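# Remarks on the overall topology
The primary structure of each chain is shown beneath.
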Amino acid sequence: MLLDLSEEHKEHLAFLPQVDSAVVAEFGRIAVEFLRRGSNPKVYEGAARKLSVSSDTVQHGVEGLIYLLTESSKLMISELDFQDSVFVLGFSEELNKLLLQLYLDNRKEIRTILSELAPDLPSYHNLEWRLDVQLASRSLRQQIKPAVTIKLHLNQNGDHNTKVLQTDPATLLHLVQQLEQALEEMKTNHCRRVVRNIK
Amino acid sequence: MELSEYVQKGFQMLADPGSFDSNAFTLLLRAAFQSLLDAQADEAVLDHPDLKHIDPVVLKHCHAAAATYILEAGKHRVDKSTLSSYLEDCKFDRERIDLFCTEYQNNKNSLEILLGSISRSLPHITDVSWRLEYQIKTNQLHKMYRPAYLVTLNVENTDSGSYPEISFSCNMEQLQDLVGKLKDAEENQERHRGLWELAVLARARRRTLPFESVTHRF
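Residues numbered from 1 in each chain as written. Chains lettered and ligands numbered in written order. Predicted model: local features only at pLDDT ≥ 70, side-chain atom pairs only at ≥ 80, totals over all residues. Heavy atoms only, no water.

## Considerations on the environment of L59 of chain B
Residue and element names in this part refer to chain B.
- Checked against the element boundaries, L59 lands in helix α3 (residues 56-75).
- We classify L59 as buried; its relative accessible area is 8%.
- Separated by 59 residues in the primary sequence, L59 and I118 place their C-alpha atoms 27 Å from one another.
- For L59, the residues in contact, after removing those within four places along its chain, are F20, L28, L46, L51 and I54. (Helix = DSSP H or I, 4+ residues; strand = E, 2+ residues; numbered from the N terminus. Buried < 20%, exposed > 50% of the residue type's maximum accessible area, 1.4 Å probe, protein only. Contact = heavy atoms within 4.5 Å.)

## Remarks on unusual backbone geometry
- In the Ramachandran plot, S52 of chain A falls in the positive-phi region, its phi being about 60 degrees despite a non-glycine side chain.
- Summarising the element assignment, S52 of chain A is placed in the loop between α3 (41-51) and α4 (55-75).
- Owing to a relative accessible area of 65%, S52 of chain A belongs among the exposed residues under this scheme.
- Positive phi outside glycine occurs at K143 of chain B, with the angle close to 55 degrees.
- Topologically, K143 of chain B is positioned in the loop between β1 (124-135) and β2 (146-156).

## Observations regarding the packing of helix α1 (residues 5-15) of chain B against α3 of chain B
Residue and element names in this part refer to chain B.
- Remark: α1 packs on α3, axes separated minimally by 8 Å, with the N-to-C direction vectors making an angle of 110 degrees. Between α1 and α3, the angle is such that the two are roughly perpendicular. Of the residues in α3, those touching α1 at Y6, V7, K9, G10, F11, M13 and L14 are V58, H61, C62, A65, A66, T68 and Y69.
- Taken together, the residues that form the contact of α1 with α3 break down as 10 nonpolar, 3 polar and 1 charged. (Axes fitted to C-alpha atoms, helices over the stretch in contact; angles between N-to-C directions. Parallel < 35°, antiparallel > 145°, perpendicular 65-115°, else oblique. Nonpolar A, V, L, I, M, F, W, Y, C, P; charged D, E, K, R; others polar.)

## Brief notes about the environment of D16 of chain B
Residues and elements named next belong to chain B.
- Relative to the helices and strands, D16 is located in the loop between α1 and α2 (22-37).
- At 2.8 Å, the side chain of D16 and the backbone nitrogen of G18 are in polar contact.
- Of the polar contacts made by the side chain of D16, one reaches the side chain of S19; its length is 2.9 Å. (Polar contact = N/O pair within 3.5 Å; in protein donor to acceptor, adjacent residues only side chain to side chain.)

## A few points about the layout of surface pockets
- In this structure, the largest pocket encloses a volume near 750 Å³.
- What lines the largest pocket is a set of 27 residues, among which S115, D120 and S123 of chain A together with R146 and S169 of chain B lie closest to the centre.
- Elements with a minimum of two residues in the lining of the largest pocket: α6 (93-115) and β2 (145-156) of chain A together with β1, β2 and β3 (165-170) of chain B.
- For the lining of the largest pocket, the element with the most residues is β2 of chain B, which contributes 5 residues.
- Class assignment of the residues belonging to the lining of the largest pocket gives a composition of 9 nonpolar, 12 polar and 6 charged.
- Computed from the structure, the second largest pocket encloses a volume of approximately 420 Å³.
- Taken together, 18 residues line the second largest pocket, and the ones lying closest to its centre are Q134, K145 and Q166 of chain A together with S119 and S121 of chain B.
- For the lining of the second largest pocket, the elements supplying multiple residues, two or more each, are β1 (123-134), β2 and β3 (159-167) of chain A.
- Classifying every residue of the lining of the second largest pocket gives 4 nonpolar, 9 polar and 5 charged. (1 Å grid on protein atoms, 1.4 Å probe; cavity = no way out; pocket = protein on both sides within 12 Å on 5 of 7 lines; lining within 4 Å. Points joined across faces, edges and corners; volume = space filled by probe spheres on them.)

## With respect to the interface of chain B and chain A
- Across the contact, 63 residues belong to chain B and 59 residues belong to chain A.
- Summed over both partners, the interface of chain B with chain A buries about 5700 Å², with 69% contributed by carbon and sulfur atoms.
- When the buried area of chain B at its contact with chain A is split by residue, I125, W130 and L182 of chain B rank highest and sum to 11% of it.
- One can count 1 salt bridge joining chain B with chain A.
- The partner of K183 of chain B in a salt bridge is E180 of chain A, with the nearest N and O atoms 2.6 Å apart.
- At the boundary of chain B and chain A, one finds 25 residue pairs in polar contact (both at pLDDT 80 or more).
- Secondary structure elements with two or more residues in the side of chain B that touches chain A: α3, α5 (94-116), β1, β2, β3 and α6 (172-206) of chain B.
- Of the residues forming the side of chain B that touches chain A, the biggest block, 21 residues, is contributed by α6 of chain B.
- For the side of chain B that touches chain A, the residue count by class is 32 nonpolar, 17 polar and 14 charged. (Buried area = accessible area lost by both parts, 1.4 Å probe. Salt bridge = Lys/Arg side-chain N within 4 Å of Asp/Glu carboxyl O.)

## Overview of the UniProt feature "domain: COMM" (unreviewed entry) in chain A
- Mapped onto this numbering, the UniProt entry annotates "domain: COMM" (unreviewed entry) at residues 123-190 of chain A.
- Taken end to end, residues 123-190 of chain A comprises 28% helix and 49% strand; its first and last C-alpha atoms sit 26 Å apart. (UniProt positions renumbered as here; feature names shortened; annotations may be inferred.)

## What to know about the UniProt feature "domain: COMM" (unreviewed entry) in chain B
- Summarizing the sequence annotation, UniProt attributes the feature "domain: COMM" (unreviewed entry) to residues 124-193 of chain B in the numbering used throughout.
- Secondary structure within residues 124-193 of chain B divides into 31% helix and 41% strand; the distance between the first and last C-alpha atoms comes to 20 Å.

## Details of the confidence of the model for chain B
Residue and element names in this part refer to chain B.
- Residues with a pLDDT of 70 or more make up 94% of chain B, whose mean pLDDT is 86.
- Within the model, the stretch residues 208-218 combines pLDDT values under 50 with 16 contacts to residues more than four positions away or in other chains.
- Scored as a whole, the predicted complex attains pTM 0.73, and scored at its interfaces, ipTM 0.74. (pLDDT = per-residue confidence, 0-100.)

## Description of the packing of aromatic side chains
All names here are of chain B.
- All chains considered together, the criterion is met by 11 aromatic pairs over all chains.
- Relative to Y69, the ring of F11 lies with its centre 5.0 Å away and its plane at 50 degrees, an arrangement referred to as tilted. Residue F11 is found in helix α1, and its partner Y69 is found in helix α3; the two are separated by 58 residues along the sequence. Taken as a pair, F11 and Y69 share a single burial class, namely buried.
- Among the aromatic residues, those joined into a ring-pair cluster are F11, F25, Y69, Y86, F92 and F100. (Phe/Tyr/Trp six-rings, centres within 6.5 Å; stacked < 30°, edge-to-face > 60°.)

Here is the structure:
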């Protein structure tokens with residue numbers, strides 16, 4: 001599957017052959033860093049001064065690279081497809097190799113970052129538990145009431161959330177049985193067939 | 001077990017055959033238990049023809065006194081001898097004491113369940129449901145091809161009467177981690193169950209010994 005690069009995108013990337021590979025590699029590093037932490041316009045100005053071009057040009061070049069990397073990573077295109085897509089830009093052999101390497105080296109991380117953009121439910125992080133016995137309360141003395149106290153740690157959009165819950169021994173057993181069944185389900189023929197065939 | 005003067009006075013009236021004959025006493029006693037334990041009970045519990053001849057103010061006073069005493073006795077888990085001696089102190093005759101003790105014994109379990117259920121507690125997990133899905137793509141990421149679970153815990157919040165649900169997603173490893181930890185808790189709980197059962201037995205055995213006073217009970 002080939003990438004479809006717009007004219008504007010090709011124009012932005014046209015800046016890359018005009019600088020040496022060390023600079024392109026540096027732009028690549030900046031692009032990935034911006035994907036990790038967000039963009040920082042000051043970087044563009046510094047680079048623009050050093051290269052004697054406008055900061056807009058630098059910005060477009062880096063952004064072009066970012067888009068190239070994210071689109072390729074999103075679609076998980078093969079090496080061959082990437083090379084063919086980049087070929088239309090008419091870059092040198094050396095530059096093409098550099099871009100391919102940049103893609104392969106960072107693909108996994110970029111996909112992880114992209115997966116964080118999906119509609120997000122709280123996700124499981126950790127579970128702590130404690131066994132308690134209630135001995136008395138204001139309304140009833142001399143009790144022996146076992147209970148399990150659970151602290152559930154969840155993550156959502158980078159926020160860490162904890163919930164403190166309680167349950168009784170019988171329900172705990174039920175929870176374990178139900179969730180074990182859930183795990184077992186993945187091993188059934190049906191699920192295996194689906195996993196094998198949807199690729 | 002400290003009872004107010006109001007309660008003690010009401011109780012003493014109950015003991016008096018002049019104010020309450022045998023039949024009225026039995027009816028009032030049963031009405032007291034019913035008011036406490038029957039969820040559908042209302043003021044009509046005192047509307048019995050055999051109680052009509054008694055002054056309604058007195059009736060309500062004694063009903064409240066009896067109910068208060070029953071609750072206090074239940075709260076402290078008093079045994080039969082403590083019950084009897086208090087009733088003797090209030091000048092109840094033997095017949096009424098026996099009746100009271102029998103009624104109390106019959107209703108003891110329900111009373112303890114009722115009292116035990118009144119408490120502040122953490123949200124309580126009642127059930128779990130799960131969903132297994134195979135993620136194919138999002139608009140940001142194609143070719144995902146990975147299984148994921150969505151787990152929902154049904155929770156009961158007795159304090160506020162609400163039933164919030166807690167849902168979260170997890171992958172295979174995370175679910176294995178979760179199940180592993182829950183199993184750990186469950187196994188530890190099983191191991192200590194012997195201890196709880198011993199404690200319950202010990203408590204039951206203690207009950208047959210005579211006691212000085214309810215307040216010295218641990």
